[in-house]
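# Secondary and tertiary structure notes
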Amino acid sequence: MTATTQTRGDVAVITLDNPPVNGLGYETRVGIVTGLEQALNDAAVKAIVITGAGKAFSGGADIREFGSPKAIAEPNLLSVILALEASSKPIVAAIHSVAMGGGLELALGCHYRVTAPGAQIALPEVKIGLIPGAGGTQRLPRVLGLENALNMIVSGEPVPSEMLAKAPGQKLFDKVIEGDLLDGAVAFAREVADKRPLPLVRNLKVEHPNAQAYLQFARNTVGAMARNYPAPPKCVDAVAASTTMKFDEGMKFERENFIALMMTPECKALRHAFMAERATTKIPDVPADTPVRSVAKLGVIGAGTMGGGIAMNFLNAGIPVVILEMKQEALDRGIATIRKNYEAQVKKGKLKQDKYEQRMALLSTTLNYADLKDCDMVIEAVFEDMAVKEQVFKTLDEVMKPGAILATNTSTLDVDKIAAFTKRPQDVIGTHFFSPANVMKLLEVVRGAKTAKDVLATVMAIGKKIRKTCVVSGVCDGFIGNRMIEQYSRQAGFLLEEGCTPAQVDKAVEKFGFAMGPFRMGDLAGNDVGWYIRKRRYVEKPHLRYSKTADLLCELGRFGQKTGAGWYDYVPGKRDAIPSKLVEEMIAKHRAELGITPRKISDEEIVQRPVFALVNEGRASSRKASRCVRPTSTWSTSPATASRCSAAGR
Ligand code: NAI
């Protein structure tokens, strides 16, 4: 059993003990119900405390159980909560560190709740495509009021317990306990032991002066923001039910919607992604307790598109950064972009002015490698050219202190070759950020043949610190993400040749749910990056077919936003993509030269061609990467991609 029960005089203490976060899996649920029965049958017990061992009260349902018979096996979470509610002796939930999802719903079923300050309180189900399914949508509005509860449920974001405890009129927490939580909770349980009737959240009313008008406003806003995701509007519907339906009817409504959402492809995909992201943190031969090196100061070489964004990640995490460039103008340009990005955040109210200033104060610049000598790690983000990388890494080998980690942000070059430019290949690793580097969550950590295990562990840890999702890749051409993007972009290029405009492709792909279509993405990241890569690749492999439209674009100097023009036109200082007559004419001319008669292409085909290619290459590449293939310049297309392409005539 993963919940234990002990008595402290006349108070029984049920402790959830299912590491790492006291997930409410089957055994834990049995443990709670058994402990409850024991406490109810013990005449000496007057009150009960439920608490969590270790680093959480409870992180919620055990999503590994989802879809398995264990998830619904009795006692399921709803039955456990009903049993707590029905207890004839008062139950106090003692919350520390984390009460999320089912964990918070369990606490809401208790008669009282006390909390340590700083606990993270959330109903994050929306993030995996669900609504809370064990009463969260019905009970949270009753204790926090309609607006606070709806905000938490629709965003899924955690809120610190002390902040919630200060909300006017809140009934979520009965007490904030500053000292030892369990001692405080037991004392509180004794205070309330004889009070009757026992307070139940279900008996409270949802407070709001004009609930229906507010809910209509919320429906409009959430509907617009949710785009293709079905769960957020369902969160609003379920919370709305708490204002119009009787409690038990509301519970039934919540349950039906929860179960229906569980079957949607969006929910299945989000749950898969959730589990997959966790799986990426485990590296079979690098155990979690591998010692890590300290990274207190970072050097960045190159203040271009990537260098600036990479630096921002570290500044945001409070780590001082020195950026090195070849020329003062390049440094000035890079720093101005960093400032502009931060200022935009300040303007939008996403960053406070004093935080912006603190971050900029951590940033210094240099034209001299000697200024990097006290950095614990350096990330190189210079031009994608082996000769330039060679010169940079030979210099780094001379100036960096022993044990410093030397990382390259190369997109396609052989990390082992780069490591061989130094006398310390064990300290060399790839850190492949995605553009814009300060925004995109993915960080490919490229493990070289000689990369030391503690270097890999350190970079994984630092990646987590700067809030990236780190995925380890072996050394291979394009790693994982770019191999996928290559196949995606290839199909997007063919679509132009066959009759689409860039805007038509982007619109269909964005409607499908991508934040940006392939051409807007190209303009943001810089079309020249792929151009250099293609020049190398397709000279080596002239038999590989691809669309030359992107090359023609780059020959016109239209590299994207950074040159003020790409697939689209741009007005200086703005990022709006304006369809370009010139580009459309360029495509039409190229199409005519190829002898292709343009055809009308459906949105479905526009989405499927690039997205299927992306998925298939992802599967093929990640299988290879997980086996850590050694250098290969082969840019393979998986058999599945090939069959799709041939089905589509490509
Ligand atoms: P960029 O052209 O915007 O910036 C490169 C910067 O490096 C320039 O400011 C240049 O002055 C500076 N530089 C060149 N040689 C230098 C040297 N020897 N010493 C110091 N500074 C030097 O290029 P971008 O896009 O930032 O790419 C940098 C690296 O990141 C490349 O390896 C690229 O493949 C990789 N990368 C690029 C991505 C993108 O979307 N742009 C995405 C992921 C990786």
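Residues numbered from 1 in each chain as written. Predicted model: local features only at pLDDT ≥ 70, side-chain atom pairs only at ≥ 80, totals over all residues. Heavy atoms only, no water.

## Digging into the overall build of the protein
Across its full length, the protein carries 26 helices and 19 strands. Scaling as 2.2 N^0.38, a compact globule of 650 residues should have a C-alpha radius of gyration of about 26 Å, and the protein matches this with 28 Å. Across its three principal axes, the protein shows a C-alpha extent of roughly 85 × 60 × 45 Å. Within the protein, the fraction of its 650 residues that count as buried is 52%. Sequence separation of at least 24 residues holds for 74% of the intrachain contacts in the protein that already meet a minimum separation of 6. Of the side chains in the protein, 85 bear a positive and 70 a negative charge, and the two mean positions are spaced by 2 Å. (Helix = DSSP H or I, 4+ residues; strand = E, 2+ residues; numbered from the N terminus. Rg over C-alpha atoms; globule rule 2.2 N^0.38 Å. Buried < 20%, exposed > 50% of the residue type's maximum accessible area, 1.4 Å probe, protein only. Contact = heavy atoms within 4.5 Å. Lys, Arg positive; Asp, Glu negative; His and termini not counted. Charge placed at Lys NZ, Arg CZ, Asp CG, Glu CD.)

## Quick look at the packing of aromatic side chains
Applying the stated rule across the entire model yields eight aromatic pairs. Taking the centre distance of 6.1 Å and the plane angle of 25° together, the rings of tryptophan 531 and tyrosine 532 count as stacked. Taking the relative accessible area as the measure of exposure, tryptophan 531 reaches 13% and is therefore buried. Clustering of aromatic rings is evident, with ring pairs tying together Tyr488, Phe512 and Phe514. When the ring centre of tryptophan 531 is taken as origin, the NZ or CZ atom of lysine 535, which lies over that ring, is 3.7 Å away. (Phe/Tyr/Trp six-rings, centres within 6.5 Å; stacked < 30°, edge-to-face > 60°. Lys NZ or Arg CZ within 6 Å of the ring centre and 35° of its normal.)

## Quick notes on unusual backbone geometry
A cis amide bond links proline 19 with the next residue in sequence, proline 20, at an omega value of 5°. Residue placement: proline 20 occurs in the loop between β2 (11-16) and α1 (26-41). Of note, the bond from serine 435 into proline 436 is cis; its omega dihedral lies within 30 degrees of zero at -5°. As for its position among the elements, proline 436 is in the loop between β15 (428-433) and β16 (442-446). For arginine 467, which is not a glycine, the phi torsion comes out positive at approximately 65°.

## Concerning the environment of lysine 373
Secondary-structure assignment places lysine 373 in the loop between β12 (363-366) and β13 (377-380). Classification of lysine 373 as exposed rests on a relative accessible area of 53%. As a C-alpha pair, lysine 373 and glycine 299 span 74 residues in sequence and 9.0 Å in three-dimensional space. Setting aside anything within four residues of it in sequence, one finds lysine 373 in contact with Val399 and Lys401.

## Section: helix α9 (residues 211-226)
The end-to-end C-alpha distance of α9 is 21 Å, a good match for the 22 Å that 16 residues give at a rise of 1.5 Å each. Along α9, the residues that are buried comprise Ala211, Tyr214, Leu215, Ala218, Val222 and Ala226. Each buried residue of α9 sits inside an arc of 95° when the element is viewed along its axis, so together they form one side. Turned more than 90 degrees from where α9 packs its buried face, Phe217 and Ala224 sit exposed. Against the buried residues of α9 lie α6 (146-155) and α10 (231-244). Positive phi shows up at arginine 227, right after α9, with a value of about 45°. (Expected span 1.5 Å × (residues − 1). Arc of directions from axis to C-beta.)

## Quick word on the sheet that holds β2
Across a sheet, strands are paired by hydrogen bonds formed along the backbone, either parallel or antiparallel in direction. Sheet architecture is open: six strands sit in the order β1-β2-β3-β4-β6-β9, paired in mixed fashion. Of all strands in the sheet, those bounded by a partner on one side alone are β1 (3-8) and β9 (175-176). Where strand β3 (residues 47-52) and strand β4 (residues 91-95) come together, three bridges link them in parallel fashion. Bridging across to β4, isoleucine 50 finds its partner in alanine 93. (Pairing = 2+ DSSP bridges.)

## So, the pairing of β16
Among the five residues that make up β16, four are buried, leaving the element largely enclosed by the rest of the structure. Looking at chain direction, β15 and β16 are connected through four bridges and run antiparallel. Within the sheet, the bridge partner assigned to histidine 432 lies in β16 and is glutamate 444. Pairing of β16 with strand β17 (residues 469-473), which is carried by five bridges, proceeds in the parallel orientation. The residue bridging leucine 443 from the neighbouring strand is cysteine 470, located in β17. With helix α18 (residues 453-465) bridging β16 and its parallel neighbour β17, the resulting β-α-β unit is right-handed. (Right-handed = clockwise from strand over helix to strand, strands pointing away.)

## A closer look at the pattern of salt bridges
Evaluation of the coordinates by the stated rule reveals 33 salt bridges. The closest approach of N and O atoms between lysine 389 and glutamate 380, which form a salt bridge, is 2.5 Å. Residue glutamate 380 is classed as buried on the basis of its relative accessible area, which comes to 0%. Lysine 562 serves as the salt-bridge partner of aspartate 528, at 3.1 Å between the closest nitrogen and oxygen. Taken together, the residues span a long stretch of sequence, with aspartate 528 in helix α22 (residues 527-540) and lysine 562 in the loop between α23 (549-555) and β18 (568-569) at a distance of 34 residues. A relative accessible area of 48% places lysine 562 in the partly exposed class. Among the charged side chains, a salt-bridge network with shared partners connects Glu85, Arg139, Arg202 and Asp248. (Salt bridge = Lys/Arg side-chain N within 4 Å of Asp/Glu carboxyl O.)

## Some details on the sheet that holds β17
Reading across the sheet, the eight strands line up as β12-β11-β10-β13-β14-β15-β16-β17 and stay open at both edges, with mixed pairing between neighbours. With one partner strand each, in any of the chains shown, β12 and β17 form the two edges of the open sheet. Averaged over all adjacent pairs, the angle separating strand axes in this sheet is 25°, with direction ignored. The pairing of β13 with strand β14 (residues 405-408) spans four bridges and is parallel. Note that in β14 the partner of valine 378 across the bridge is leucine 406. (Axes fitted to C-alpha atoms, helices over the stretch in contact; angles between N-to-C directions.)

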